[in-house]
Amino acid sequence: MTSHSRGKITELIGIDPGLLSAGVFSIDPRTGLHLRHALIKGIRSGAAPLPARVFQVNKVLVEYIYEVEGYKILAVEGTPYKMRSSSMDQMARCRQAIYDLAAFFLEDFEFMEMSPTKIKKLATGKGNASKEQVAEVTHGTFGGDIEEYRLGSYAVSDAAAVAMAARSIRSE
């Protein structure tokens, strides 16, 4: 990959990480237009231990990230405050794996992590917005089939909201 300066961001990628699946949504950082999105399905929770599930999701995620050359911002949804400690630990390991894989495969990237409340506030204006409200706002912003935003327990719309929030922060 060629080296790019920080001023030449080619893609802003919002990621809703998960232990079973992940939503990924890319926007052009200059125009805010939707570039591409994906729902990455992993292995059912009972079928494999956590490392195998996280690896499966992140393997596909890295392929997605690597597809477009250039400097990228990877914005990841952080852990919700109301989560069991064992699940929080698993999600922290999942986010760390995303960072480690990106660091290994990408020369030029920036990593951002935001709380779900901050993401909802920046994307919808309400920090306590429901999943359906987030889907409606992201669908209204980017268009397409509303059902695409509801995939994977709303992982795609959550990833779109992460991308929107990151763009908002970067433009401040």
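Residues numbered from 1 in each chain as written. Predicted model: local features only at pLDDT ≥ 70, side-chain atom pairs only at ≥ 80, totals over all residues. Heavy atoms only, no water.

## A look at the side chain of Glu110
(1) Moving on: Take Glu110: it is sitting in strand 5 (residues 109-114).
(2) Moving on: A polar contact is formed between the side chain of Glu110 and the side chain of Tyr71, at a distance of 3.2 Å. (Helix = DSSP H or I, 4+ residues; strand = E, 2+ residues; numbered from the N terminus. Polar contact = N/O pair within 3.5 Å; in protein donor to acceptor, adjacent residues only side chain to side chain.)

## Description of the environment of Ile98
(1) Moving on: Structurally, Ile98 can be placed in helix 2 (residues 85-105).
(2) Moving on: Taking the relative accessible area as the measure of exposure, Ile98 reaches 2% and is therefore buried.
(3) Moving on: When the C-alpha positions of Ile98 and Phe111 are compared, they lie 9.7 Å apart, and in sequence the two are 13 residues distant. (Buried < 20%, exposed > 50% of the residue type's maximum accessible area, 1.4 Å probe, protein only.)

## Here's the deal with the pairing of strand 4 (residues 71-77)
(1) Moving on: Burial runs high along strand 4: seven of the seven residues are buried.
(2) Moving on: Neither face of strand 4 is open: one carries Tyr71, Ile73, Ala75 and Glu77, the other Lys72, Leu74 and Val76, and all of them are buried.
(3) Moving on: Here strand 1 (residues 9-16) runs beside strand 4; their pairing, made up of six bridges, is parallel. When the sheet's bridge partners are listed, Ile13 is paired in strand 4 with Leu74.
(4) Moving on: With six bridges connecting them, strand 4 and strand 5 associate as parallel partners. Looking at strand 5, one finds that Ala75 is bridged to Met112. (Pairing = 2+ DSSP bridges.)

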